[in-house]
Amino acid sequence: MEYINKESSSLYNCWLNYDKEVTLSDEIKEILKTIQLNEEGIIINTAVKELSRAIKKLIGKTPEIIKDTMLSHIYLGKLKDKTIKLVPGGFSIKKSTLNQKNIIEILGKDENGILNGVFSFIRAIYTGSNINEINIVDNPRNMVRMINHWDNMSGDIERGYAGESIFFKDNHIVENKSRIRDYARLMASVAINGIVINNVNVHKQETKLITDELLPEVKKIADIFRAYGIKLYLSVNFASPMEIGGFLTADPLDFNVRTWWKKTAENIYSYIPDFGGFLVKADSESRPGPFTYGRNHAEGANMLAEALRLFGGIVIWRCFVYNCKLDWRDRSTDRAKAAFDNFKPLDGKFDENVVLQVKNGPVDFQIREPISPLFGALKQTNEFMEFQIAQEYTGQQKHLCYLVPMWKEALDFDTFANGKDSNVSKIVDGSLFKTKYGGVAAVSNIGGSECWTGHPLAQANLYGYGRLIWNTFLSSDEIAREWVKLTFGAEKDVEQIIVDILLESREVYEKYTCPLGVGWMVNPNHHYGPSVEGYEYSPWGTYNYADYKSIGVDRTVATGTGYIGEYEPTVADKFENLATCPEELLLFFHNVLYSYKLKTGKTVIQHIYDTHFEGVEKVDEFINKWETLQNKIDSKIFDLVMEKFQIQKKDSREWRDVVNTYFYRKTGIDDLYKRKIY
Ligand code: GCV
């Protein structure tokens, strides 16, 4: 891991960079000098530390912490007023007067709420809110707000694009845990309250994380997290009873196997009393699972749930289950159908402390996918959304791709599962079907790089994820603006330029990569760079069925794989019908002639040519805009972003040329404008 001089590095401090000019009234400065505190607690102590740290930067002086005062002050504590409705993690912040002195009260529903309130207060100051009139009541939309790490104990990160793991190195847990503390702090500042530290693909070494050999070190990480209100979770290997328990079976209905899991859970809780639970990838991409024993996913998950129930833990069972050996020549097979086919029949069969975690799209984190039909189809099962902050298919943190608009689209989608206004966000927060657990998880994009995310602007995704899942009503623009102000300061033209670039970036990436929702035109395995026929599991021909006449996957009920039939009828009708199918997803759902006319009046082939040229031009525009920021922002951030933009410039041209050439040669259709296609 890199040595980092934390105090002086804006790259490292991210949005918690307090070295910025802020104008505060004398009244507020007076309030900031004193913190009144009458309660004790691990997280409250963190809240006080964090508030004091920010105040020291703001007024050049550490505040005095006292139990009772007649002076102006900030009051930190739990809310007692029953008229304000707070849920766990929620808080209120209000300026008022007491004994003719000005005070600001930061009140939490619980300790987490106090910490969330403190970070929100700091954010309000640094984003230029009027603190003289501060009056906030804020509750989280989702109770569980998680990050999933795909970190291996070797130190590598599966789909990691920002350096090595901050948790593991050379098959050990890192000794110096200061970076883990800084990470917990960053995550707590956007109200993340659960972190899975290891990869869902659990290898031999990580299987041992639940044993006495490694639990003492795991406990140390959990202790760090706890002080920031974060629970630690582990990914587990379904075959653990065999790998580390000495059994010849991992059959979930075997009494001895069940007992082994119970004892294992009990042992974990003896180290980590607030352990969150297990994340499981089973029977997918060669991971072990209940299928080996003729059991289904509910039987597998319920066995683990039984082991954790007594201690309040949950099992998060992933629905990313598909047969990667499907033969694409058989046009009724469709990977997109797999999660639904596996899990819909089991709705209602999972124990109360099992949550199914479903990727936002039915395939795999492409730049454009429809929502997974499991959102809406499962009506009696706890369900978490799974997003990917890591940019596996979206430029791998070399290309800029602000993902908040994509996540918002997914959460806002109306499934019609319970009539109109059955938005996905109501399903994952548990309110639509009154399920016990609601939440969102996302695959982390951080590693040991100085700026955590490799590309400094990819920090906006990490920040934005936390903010969006706390409050799904925030717009992508608001979130981007907050992040820019917190990271770069309050200069208006700087803010506007960076916000504009961020907001356009997803569509720009989409333009020079995969048109109209077709997806998967990346190089196999590592998933970077163009390869129109590159789908690794399709040795029999292209995933997108492009031939000389037509392109796209026919997923209609009438003539295709039938996938569309997995949605509620209102949604299915819209997708099935060419006239109403959203055009950005046209080729995900339909196979059409290259001469098919889009609403713009362009043919599909011309759309492909045009968007690929436009995408590249837009990257050049980004670079020109970024150049205007020289000497206006931190020079290290400026340089590093410019370095990444140069890569994006070069690689977007490769995308344009490979894709356009492929289709030109395949179809023989000229570009209307006779541009050079290589
Ligand atoms: C962790 C995709 C990725 C894999 C990942 C898998 C998953 O297939 O390419 O690296 O494995 O998704 O989500 O389990």
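Just so it is clear, the structure is predicted and the values come from calculations on it, not from any experiment. (Residues numbered from 1 in each chain as written. Predicted model: local features only at pLDDT ≥ 70, side-chain atom pairs only at ≥ 80, totals over all residues. Heavy atoms only, no water.)

Digging into the side chain of Thr667
Argument step 1. Relative to the helices and strands, Thr667 resides in helix α21 (residues 635-667).
Argument step 2. A distance of 2.6 Å separates a polar atom in the side chain of Thr667 from the backbone oxygen of Phe663.
Argument step 3. Once residues within four sequence positions are removed from consideration, Thr667 is found in contact with Tyr548, Tyr594, Ile605 and Tyr609. (Helix = DSSP H or I, 4+ residues; strand = E, 2+ residues; numbered from the N terminus. Polar contact = N/O pair within 3.5 Å; in protein donor to acceptor, adjacent residues only side chain to side chain. Contact = heavy atoms within 4.5 Å.)

A closer look at the site of the ligand
Argument step 1. Contacts to the ligand come from 14 residues, most closely from Glu158, Lys281, Arg318, Lys359 and Glu392.
Argument step 2. Measuring from an oxygen atom of the ligand, one finds a side-chain N or O atom of Arg159 at 2.8 Å.
Argument step 3. A distance of 3.1 Å separates an oxygen atom of the ligand from a polar side-chain atom of Asn201.
Argument step 4. When the free accessible area of the ligand is taken as 330 Å², the share hidden by the protein chains comes to 97%.
Argument step 5. Split into classes, the residues belonging to the shell around the ligand amount to 3 nonpolar, 3 polar and 8 charged. (Near = heavy atom within 4 Å. Areas by Shrake-Rupley, 256 points an atom, 1.4 Å probe, with all protein chains shown as cover. Nonpolar A, V, L, I, M, F, W, Y, C, P; charged D, E, K, R; others polar.)

Focus: the sheet that holds strand β4 (residues 91-98)
Argument step 1. An order of β2-β1-β3-β5-β4-β6 is seen for the 6 strands of this open sheet, with the pairing classed as mixed. This sheet does not close on itself; its edge strands, each paired only once, are β2 (64-66) and β6 (135-138). Here the strands of the sheet are splayed against their neighbours by 25 degrees on average, with no regard to which way each runs.
Argument step 2. In terms of strand pairing, strand β1 (residues 34-37) meets strand β3 (residues 73-78) through 3 bridges, oriented parallel. Paired with Leu37 across the bridge in β3 is Leu76. (Pairing = 2+ DSSP bridges. Axes fitted to C-alpha atoms, helices over the stretch in contact; angles between N-to-C directions.)

A look at α21
Argument step 1. Under the 1.5 Å per step criterion, the end-to-end length of α21 is 47 Å for 33 residues, consistent within 8% with the ideal 48 Å.
Argument step 2. Just downstream of α21, Gly668 is the residue with a positive phi angle, here 70 degrees. (Expected span 1.5 Å × (residues − 1).)

As for the packing of helix α4 (residues 111-126) against helix α5 (residues 178-189)
Packed helices, taken two at a time, are described by their axes: the angle between them and the distance between them.
Argument step 1. Where α4 contacts α5, the two axes come as close as 9 Å, and the packing angle between them is 80 degrees. Judged by the inter-axis angle, α4 sits roughly perpendicular to α5. Contacts between α4 and α5 involve Leu115, Asn116, Phe119 and Arg123 from the first element and Arg185, Ala188 and Ser189 from the second.
Argument step 2. Taken together, the residues of the contact of α4 with α5 break down into 3 nonpolar, 2 polar and 2 charged. (Parallel < 35°, antiparallel > 145°, perpendicular 65-115°, else oblique.)

Focus: the domain arrangement of the chain
Argument step 1. Partitioning the chain into structural domains gives domain 1 (10-138), domain 2 (144-488) and domain 3 (512-553 + 591-667).
Argument step 2. Using C-alpha coordinates to define each centre, domain 1 is positioned 32 Å away from domain 2.
Argument step 3. Each partner contributes residues to the interface: domain 1 has 25 residues there, and domain 2 has 29 residues.
Argument step 4. Here domain 1 meets domain 2 over a buried area of about 2,500 Å², counting both sides, of which 59% is carbon and sulfur.
Argument step 5. Area buried by domain 1 at its contact with domain 2 is led by Tyr12, Trp15 and Arg123, which between them contribute 35% of it.
Argument step 6. Run the count over domain 1 and domain 2 and you get 1 salt bridge.
Argument step 7. Close ionic contact of Glu50 with Arg185 constitutes a salt bridge, the shortest N to O distance being 2.8 Å.
Argument step 8. Summed over the shared surface of domain 1 and domain 2, the number is 11 residue pairs in polar contact (both at pLDDT 80 or more).
Argument step 9. For the side of domain 1 that touches domain 2, the secondary structure elements donating two or more residues are α1 (10-13), α3 (42-59) and α4. (Domains from an automatic or database assignment. Buried area = accessible area lost by both parts, 1.4 Å probe. Salt bridge = Lys/Arg side-chain N within 4 Å of Asp/Glu carboxyl O.)

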